[in-house]
Amino acid sequence: MNFFRFSSPQTFYPLAGRLVPLFAALAAACAVAGLYIGFFVAPSDAVQGEVYRIIHLHVAAAWMSMFIYLVMAFWSAVGLGLGTRLSFYMTQALAPTGAMFCFIALWTGALWGRPTWGAYWVWDARLTSQLLLLFLYFGFIALTRAIDDPRRADKAGAIIALVGAVNVPIIYFSVTWWNTLHQGASVKPGGSSMASVMLWAMLLCALAAWFYSLAVSLARARRIILERERHTEWAAAEIARRGAGGRAD
Amino acid sequence: MHWQSVSEFLAMGGRGAFVWGSYGVGLGLIALELWLLRRRQRSSLRRLSRLQQLERQKDRP
């Protein structure tokens, strides 16, 4: 199978259309299972009581916010290196979802921090670098929307995504490099310090976040493809077909 | 089952505001994103379709 075939917007568009409902269904299934285990099967935590149940959402959102930024940086590098338009479309399709997960991570972290640490916010390395990630997302979105020429916007966005990617390992390793109030990683490659039922709830929520991000970014990429490729023959035909039928899917 | 009653579940050991404040805002934002995405898709398609019609009218002699 030739994967490069799908680097063309024309072949990617229908493939993405078929994958969106599949990923959406998987996201819903994982979310329901994860939340069920998180709220009804997992016992209370010996130290934190019930408030620890926030972490199932918090960790999934925080992982996703970092991972999406890395994927954006990857597509930006591919786009700048190979000049593939689709790479830039994907970068822009991912950014709003990444920003949303980044905000959820900060918000849930604050609501967990108040009863657990006694403060909604502290300027420790983990929290500060995660806040910087949110500003990088906002910067990327603002910059790509502020530039009228879409090709220049693509390149400017790609540079922000690449430069900002340096921040992601800083967030991840901040708890090891500095003496942070934020705890160290409970789940690392090769082992976990959590009870397995809590771990399962968290991993299912993380999987749900993955599938959700895939579904939403592919759906958004389809809209960007149609907007940017509207003068090509196939996109014009697709616009005429869907515009006439009024179908939103 | 871990919970004895619905009110015990909602109370979350006295931390209900924090737990439900987290999940409420998180799931609310996800619902908002899905709604905005759908709305934007529809308005984009309407705009592209309209542009196409205008361009075709212009091309006609």
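Residues numbered from 1 in each chain as written. Chains lettered and ligands numbered in written order. Predicted model: local features only at pLDDT ≥ 70, side-chain atom pairs only at ≥ 80, totals over all residues. Heavy atoms only, no water.

### Digging into the overall build of chain A
Here comes step 1: Along chain A, the regular secondary structure elements total eight helices and two strands.
Here comes step 2: Moving toward the C terminus, one meets the helices and strands of chain A in the order α-α-α-α-α-α-β-β-α-α.
Here comes step 3: Scaling as 2.2 N^0.38, a compact globule of 249 residues should have a C-alpha radius of gyration of about 18 Å, and chain A matches this with 20 Å.
Here comes step 4: Its C-alpha atoms give chain A principal-axis dimensions of roughly 65 × 35 × 35 Å.
Here comes step 5: Looking at chain A residue by residue over its 249 residues, the buried ones come to 51%.
Here comes step 6: Counting contacts in chain A only where the partners sit at least 6 residues apart, residues at least 24 apart contribute 73% of the total.
Here comes step 7: Carbon and sulfur atoms make up 68% of the accessible area of chain A, which amounts to about 11700 Å² in all.
Here comes step 8: The averaged location of the 11 negative side-chain charges in chain A is 2 Å from the averaged location of its 19 positive side-chain charges. (Helix = DSSP H or I, 4+ residues; strand = E, 2+ residues; numbered from the N terminus. Rg over C-alpha atoms; globule rule 2.2 N^0.38 Å. Buried < 20%, exposed > 50% of the residue type's maximum accessible area, 1.4 Å probe, protein only. Contact = heavy atoms within 4.5 Å. Areas by Shrake-Rupley, 256 points an atom, 1.4 Å probe, with all protein chains shown as cover. Lys, Arg positive; Asp, Glu negative; His and termini not counted. Charge placed at Lys NZ, Arg CZ, Asp CG, Glu CD.)

### A word on the packing of helix α1 (residues 9–41) of chain A against helix α7 (residues 196–228) of chain A
All names here are of chain A.
Here comes step 1: With their axes 6 Å apart at the nearest point, α1 and α7 run at an angle of 155 degrees to one another. By the angle class used here, α1 and α7 are roughly antiparallel. Taken as a pair, α1 and α7 cross one another with a handedness that is left-handed.
Here comes step 2: For the contact of α1 with α7, the class distribution of residues is 32 nonpolar, three polar and one charged. (Axes fitted to C-alpha atoms, helices over the stretch in contact; angles between N-to-C directions. Parallel < 35°, antiparallel > 145°, perpendicular 65-115°, else oblique. Left-handed = near helix turned anticlockwise from the far one by under 90°. Nonpolar A, V, L, I, M, F, W, Y, C, P; charged D, E, K, R; others polar.)

### A word on the nonpolar core
Proteins that are soluble and globular tend to have nonpolar side chains buried together.
Here comes step 1: Ranked by size, the top nonpolar core spans 81 residues in total, and within it A:Phe12, A:Tyr69, A:Met72, A:Phe101, A:Leu133, A:Tyr137 and A:Leu226 carry the most contacts.
Here comes step 2: If you list the elements that add at least two residues to this core, you get α1, α2 (55–82), α3 (85–117), α4 (125–146), α6 (167–177), α7 and α8 (233–245) of chain A together with α2 (16–59) of chain B.
Here comes step 3: With 17 residues, α7(A) is the largest single contributor of residues to this core.
Here comes step 4: What A:Phe101 contacts, discounting residues up to four positions off in sequence, is A:Ala61, A:Met64, A:Ser65, A:Ile68, A:Ala209, A:Tyr212 and A:Ser213. (Core = buried A, V, L, I, M, F, W, Y, C linked by side-chain atoms within 4.5 Å.)

### So, the environment of A:Leu143
All names here are of chain A.
Here comes step 1: Mapped onto the secondary structure, Leu143 falls in helix α4.
Here comes step 2: By relative accessible area, Leu143 is classed as partly exposed at 29%.
Here comes step 3: Sequence-wise, Leu143 and Ala185 are 42 residues apart; in three dimensions their C-alpha atoms are separated by 33 Å.
Here comes step 4: Non-local contacts of Leu143, meaning those with residues more than four positions away in its chain, are made with Ala156, Gly157 and Ile160.

### A few points about the packing of aromatic side chains
Here comes step 1: Counted by the stated rule, this structure contains 19 aromatic pairs over all chains.
Here comes step 2: Ring centres of A:Phe39 and B:Phe9 lie 5.9 Å apart, and the angle between their planes is 75 degrees; this geometry places the pair in the edge-to-face category. On the criterion of chain membership, the pair formed by A:Phe39 in helix α1 and B:Phe9 in helix α1 (residues 6–11) is interchain, its members lying in two chains.
Here comes step 3: The class for B:Phe9 is buried, based on a relative accessible area of 15%.
Here comes step 4: Ring plane angle 80 degrees and centroid distance 5.2 Å describe the contact between A:Tyr69 and A:Tyr137, whose orientation is recorded as edge-to-face. Here A:Tyr137 lies in helix α4 and A:Tyr69 lies in helix α2, a separation of 68 residues in the sequence. For the pair A:Tyr69 and A:Tyr137, one class covers both residues: buried.
Here comes step 5: Site record: aromatic cluster; members linked through ring pairs are A:Tyr36, A:Phe39, A:Phe40, B:Trp3, B:Phe9, B:Trp20 and B:Tyr23. (Phe/Tyr/Trp six-rings, centres within 6.5 Å; stacked < 30°, edge-to-face > 60°.)

### Things to note about the interface of chain A and chain B
Here comes step 1: Listed by partner, the interface residues are 40 residues for chain A and 33 residues for chain B.
Here comes step 2: Overall, the association of chain A and chain B removes approximately 3400 Å² of surface from exposure, summing both partners, and the carbon and sulfur fraction of that is 69%.
Here comes step 3: Linking chain A to chain B there are two salt bridges.
Here comes step 4: Measuring nitrogen to oxygen at the nearest pair gives 2.8 Å for the salt bridge that ties A:Arg220 to B:Glu33.
Here comes step 5: Taken together, chain A and chain B are joined by 12 residue pairs in polar contact (both at pLDDT 80 or more). (Buried area = accessible area lost by both parts, 1.4 Å probe. Salt bridge = Lys/Arg side-chain N within 4 Å of Asp/Glu carboxyl O. Polar contact = N/O pair within 3.5 Å; in protein donor to acceptor, adjacent residues only side chain to side chain.)

### Some thoughts on the side chain of A:Thr144
Residues and elements named next belong to chain A.
Here comes step 1: Counting through the fold element by element, Thr144 comes out in helix α4.
Here comes step 2: Judged by its relative accessible area of 14%, Thr144 falls in the buried class.
Here comes step 3: A distance of 2.9 Å separates the side chain of Thr144 from the backbone oxygen of Phe140, its partner in a polar contact.
Here comes step 4: A distance of 3.1 Å separates a polar atom in the side chain of Thr144 from the backbone oxygen of Ile141.
Here comes step 5: The contact partners of Thr144, leaving out residues within four places of it in the chain, are Gln92, Ala153 and Gly157.

### Some details on the pattern of salt bridges
Residues and elements named next belong to chain A.
Here comes step 1: Summed over all chains, the structure comprises eight salt bridges over all chains.
Here comes step 2: Across the pair Glu238 and Arg241 runs a salt bridge whose closest N-O atoms are separated by 3.2 Å. Within this pair, Glu238 and its partner Arg241 are both found in helix α8, separated by three residues, close to a single helical turn.
Here comes step 3: Glu238 gets classed as buried once you look at its relative accessible area, which sits at 13%.
Here comes step 4: Among the residues examined, Arg241 registers a relative accessible area of 47% and is labelled partly exposed.
Here comes step 5: Among the charged side chains, a network of salt bridges with common partners joins Glu238, Arg241 and Arg242.

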